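Listed here are the chains, written in short residue letters.
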Amino acid sequence: MNFGKVLTAMVTPFNSHGKIDYEKTTLLVEHLLNNGTDGLVVAGTTGESPTLSSEEKIKLWKHVVQVVNGRAPVIAGTGSNCTTSSIELSKAAEKTGVDGVMLVAPYYNKPNQSGLYEHFKNIAQAVQLPVMVYNVPGRSVVRIQPETIVRLAEIDNIVSVKEATGDLDGMAEIISGTDEKFSLYSGDDNLTLPAYGIGAQGIISVSAHVIGNEMQKMLQLYDTGKGKEAATLHRKLLPIFNGMFTAPSPAPVKEALKKVGIDTGGIRLPLVPLTKEEKLFIHQLLDELEK
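In this report, we go over the structure that sits alongside the text. Bear in mind the structure is a predicted one, so any value in this text is a computation, not a measurement.

Packing of helix 3 (residues 83–96) against helix 4 (residues 113–125) brings their axes to within 9 Å, and their N-to-C directions diverge by 25 degrees. One element, helix 3, and the other, helix 4, form an angle in the roughly parallel class. You can see that helix 3 and helix 4 cross each other, and the crossing is right-handed. Residues Thr83, Ser86, Ile87 and Ser90 of helix 3 form the contact with helix 4, whose own contacting residues are His119, Asn122 and Ile123. Among the residues forming the contact of helix 3 with helix 4, the class breakdown is two nonpolar, five polar and no charged.

And the structure:
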């Protein structure tokens, strides 16, 4: 399924008391839609989902859907390591009007491939929404193997995968093993162009908060046969791609947003604010990009 090329894994704005700031959320959504974002993933990892209550997530999805008003797909991060809880939250998300749900691989309890398949299958069968599987072994410890994803793609409403494995060979295997109705998105900004080059639909990005237009331009250059120009732009953007992860995300990208005039507030524990040195580094990265 085509949710667009550049999707942003949206941060969750907080006020000075650590509560979700809906006015800032509105400003952020408008900023993203006006600067290269084709779709939004809300309450995913970058949105600090582990620290958001179910009630906060549901209210946030409702608000974002209302603000977007059909201008772009809104995908709700409803996955967890409990199948029953994920089903309940996915059903609740469906009622908010989101366009799809994203389900992270179950973390901590380390299911095998059979368990992973049954987890995603049971959630998908409980809702009518399109489902995106999120494969991120660096955070979940378990990896959904390519053959399991290919098998999951046979379920009608499992339509996409966000691949944050860093494994281009595995991505190629998934793309080759699924039909055109199934889409693969890179979950690693630095692999946006390489993954796109082997057939990925696009990227679910952190960096797109501040360089969404540039990322769109890079993919457009590739689409129009200007591969060398696209590669040159990729290399120029690479410090930003990597810089957004020099400290636990989303602290770096929230600082980057603040520098470009979009203040999304702080972060929730157990994450901690950037040091002065880390803030300076993020500012220098953005300054270098403008040269």
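Locating Asn69 in the fold gives a position in the loop between helix 2 (54–68) and strand 3 (74–77). By relative accessible area, Asn69 is classed as exposed at 62%. C-alpha separation for the pair Asn69 and Gly265, spaced 196 residues apart in sequence, amounts to 24 Å.

As a further point, take the layout of surface pockets. Any space left empty among the atoms is revealed by the rolling of a water-sized probe across them. Size it by volume and the largest pocket reaches roughly 640 Å³. Forming the walls of the largest pocket are 30 residues, and the residues nearest its centre are Thr45, Ser49, Pro50, Gly79 and Tyr107. Listed by contribution, the elements that provide at least two residues to the lining of the largest pocket are helix 2, helix 3, strand 4 (100–104) and helix 5 (137–140). The element that contributes the greatest number of residues to the lining of the largest pocket is helix 3, accounting for four residues. When the residues that make up the lining of the largest pocket are grouped by side-chain class, the tally is 12 nonpolar, 13 polar and five charged. As a volume, the second largest pocket reaches approximately 300 Å³. As for the second largest pocket, its lining consists of 20 residues, of which Tyr134, Arg139, Gly187, Asp188 and Phe245 are closest to the centre. Of all the elements in the fold, those that place two or more residues in the lining of the second largest pocket are helix 5, strand 8 (202–205) and helix 10 (227–243). For the lining of the second largest pocket, a count of residues per class yields eight nonpolar, eight polar and four charged.

With seven of nine residues buried, helix 11 (residues 251–259) lies mostly within the body of the structure. For helix 11, the set of buried residues is Ala251, Pro252, Val253, Lys254, Glu255, Ala256 and Leu257. Each element contacted by the buried residues of helix 11 is listed here: helix 1 (22–33), helix 9 (208–223), helix 10 and helix 12 (276–289). Backbone geometry just after helix 11 places Gly261 at a positive phi near 95 degrees.

With that out of the way, let us pick up the packing of aromatic side chains. Taken as a whole and judged by the stated rule, the model has one aromatic pair. Taking 5.7 Å as the distance between ring centres and 70 degrees as the angle between the ring planes, the aromatic pair formed by Tyr196 and Tyr222 counts as edge-to-face. Remark: Tyr222 occurs in helix 9 and Tyr196 occurs in helix 8 (residues 192–197); sequence separation between them is 26 residues. Geometry around Tyr117 places Arg151 over its ring, the cationic atom sitting 3.7 Å from the centre.

As a further point, take the sheet that holds strand 1 (residues 6–9). Within a sheet, adjacent strands bond to each other through the backbone by hydrogen bonds, running parallel or antiparallel. The strand order 1-2-3-4-5-6-7-8 describes a closed barrel built from eight strands, whose pairing is parallel. Geometrically, the sheet is characterised by an average inter-axis angle of 25 degrees between neighbouring strands, direction not taken into account. Alignment of strand 1 against strand 2 (residues 39–42), held across three bridges, turns out to be parallel. Bridged to Ala9 within strand 2 is Val41.

Let us now look at the pattern of salt bridges. Scanning the entire structure with this criterion turns up seven salt bridges. When the shortest N-O distance is used, the salt bridge between Glu48 and Lys254 registers 3.4 Å. A residue pair is termed long-range when its members are at least 10 positions apart, and Glu48 in the loop between strand 2 and helix 2 and Lys254 in helix 11 qualify at 206 residues. Both residues of the pair, Glu48 and Lys254, belong to the buried class. The residue Glu288 makes a salt bridge to Lys291 at a minimum N-O spacing of 2.8 Å. According to the relative accessible area criterion, Lys291 is exposed, its value standing at 72%.

Here is what the cut-offs are and how they apply
- Residues numbered from 1 in each chain as written.
- Predicted model: local features only at pLDDT ≥ 70, side-chain atom pairs only at ≥ 80, totals over all residues.
- Heavy atoms only, no water.
- Axes fitted to C-alpha atoms, helices over the stretch in contact; angles between N-to-C directions.
- Helix = DSSP H or I, 4+ residues; strand = E, 2+ residues; numbered from the N terminus.
- Parallel < 35°, antiparallel > 145°, perpendicular 65-115°, else oblique.
- Left-handed = near helix turned anticlockwise from the far one by under 90°.
- Contact = heavy atoms within 4.5 Å.
- Nonpolar A, V, L, I, M, F, W, Y, C, P; charged D, E, K, R; others polar.
- Buried < 20%, exposed > 50% of the residue type's maximum accessible area, 1.4 Å probe, protein only.
- 1 Å grid on protein atoms, 1.4 Å probe; cavity = no way out; pocket = protein on both sides within 12 Å on 5 of 7 lines; lining within 4 Å.
- Points joined across faces, edges and corners; volume = space filled by probe spheres on them.
- Phe/Tyr/Trp six-rings, centres within 6.5 Å; stacked < 30°, edge-to-face > 60°.
- Lys NZ or Arg CZ within 6 Å of the ring centre and 35° of its normal.
- Pairing = 2+ DSSP bridges.
- Salt bridge = Lys/Arg side-chain N within 4 Å of Asp/Glu carboxyl O.

Any functional reading would require information that these geometric values do not contain.
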